[in-house]
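# An overview of the molecular structure
Single-letter residue listing:
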Amino acid sequence: MSSEIRLLSTDFDGTIVCRTGGQLLDPACMELIGDLQGAGAIWAINTGRSVDLLESGLADFSFPVRPDFILTSERDVFRPGANGEKWEAFGDWNERCARDHAELFSASQSVLAEVIDFVTQKTKARVIYEPDGPAGLIAESEEEMDRVTEFIEQARRKQPKFNYQRNTVYLRFCHADYHKGAALAELARLIEIPRENIFAAGDHHNDISMLDGKVAAMPSCPANAIPEVKDAVRAADGCVADSDCGAGVHEALVYFIGRGD
C-alpha cells in the first residue's frame, strides 16, 4: 500500500508552535501543511489543550491555515460544525469517553486519595480541581513530576485503568484507554484512513501513544523532543528531525514525502 500522507496528526505546543525563542510558527511548515491539505490530505491538531484554549492559540499565533479536525484534552474528537465555525463532537467517542472516565474515577476514589495525600504532604505540586473533583496537578519541576509519576505507577496497580497524561510539569488524570493515540485511531476509523497513510508529530510524554507506530506508520518528532519520545520514534522507524518545533515537522514531512515517492 502507498505510504502517501493522507492524515497528519500534530501536537500543538512545542511541536507546531515554538515558545522557546525565534519564530512561533515555521513558514515552510505551514505552507507545506496547506499544500498537503490542498492536495486532499487532512490535518488534525492533537493536543492537551481544551477546545477554547486551542482556538485562542490559533487566533493568538495567527495561523495561516486551519486544521480539518481537532483532538483535544488528549482524548476528544471534534469536527467542524455545519456553519464551519464551531466544533462539534464527531461520532459518539466523546460521550463514551466521558462516561468511561466518570465510571473509572468513581471506582478509583481510594487510589486518587492516595495520590492526593502524597502530592499535598510530600511535594510542592499543586492539585487542580474541577467541579467533578481532582483533575490533575502542576509540579514545581520535572524532577518533582518524576517523583509524583513514580508514586502514581505504584498506586495504580490496584486500579490499572487509572492513568495519567504528562506534559512537562503538567499532569492530567485519565482512563488508560483514552489518549492521543486512541483519539487519532478513532478519527482515522471514522474517516477511513489506514495506518500506512498517517503521519504524526509530537515532542513530549503525552505524544508517545501516537508515535509508537501502532496508529501512525509515519511517526516523527522535532529535535527539541524529550529523549523518551525520540526513542519511541526511532523504535517505530520514524524520523527524528535535526530542527526544532515546526522546522522539525517540516523536515519530517519532507522526509516521508520523499520516502513515499
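Scope of this entry: the structure provided in the associated data block.

The rules behind the values
- Residues numbered from 1 in each chain as written.
- Predicted model: local features only at pLDDT ≥ 70, side-chain atom pairs only at ≥ 80, totals over all residues.
- Heavy atoms only, no water.
- Salt bridge = Lys/Arg side-chain N within 4 Å of Asp/Glu carboxyl O.
- Buried < 20%, exposed > 50% of the residue type's maximum accessible area, 1.4 Å probe, protein only.
- Helix = DSSP H or I, 4+ residues; strand = E, 2+ residues; numbered from the N terminus.
- Pairing = 2+ DSSP bridges.
- Axes fitted to C-alpha atoms, helices over the stretch in contact; angles between N-to-C directions.
- Contact = heavy atoms within 4.5 Å.

Looking now at the pattern of salt bridges. As enumerated under the stated definition, the model contains 17 salt bridges in all. Linking Asp-92 and Arg-96 is a salt bridge whose minimum nitrogen-to-oxygen distance equals 3.2 Å. Classification of Asp-92 by relative accessible area gives partly exposed; the value is 40%. As a salt-bridge pair, Arg-96 and Glu-186 come within 3.6 Å of each other at their nearest N and O atoms. Separated by 90 residues along the polypeptide, Arg-96 in helix α3 (residues 93–107) and Glu-186 in helix α6 (residues 180–191) bring together distant segments of the chain. Take Arg-96: its relative accessible area is 26%, and that puts it in the partly exposed class.

Here we come to the environment of Lys-158. Structurally, the position occupied by Lys-158 is in the loop between α5 (142–155) and β8 (162–167). Looking at Lys-158, the relative accessible area reads 54%, which means it is exposed.

The next thing to look at is the sheet that holds strand β7 (residues 133–138). The antiparallel open sheet is built from four strands, whose spatial order is β6-β7-β9-β8. A single partner strand is all that each edge strand has here, and the edge strands are β6 (126–130) and β8. Across this sheet, the average inter-strand angle for adjacent strands is 35 degrees, counted without regard to direction. Lying on the sheet, α3 is in contact with β8 and β9 (170–175); it crosses β9 at an angle near 95 degrees. Helix-sheet contacts for helix α4 (residues 109–122) involve β6, β7, β8 and β9, and the interaxial angle to β6 is about 140 degrees.

From the geometry alone we can't say anything about function, so treat these as descriptive.
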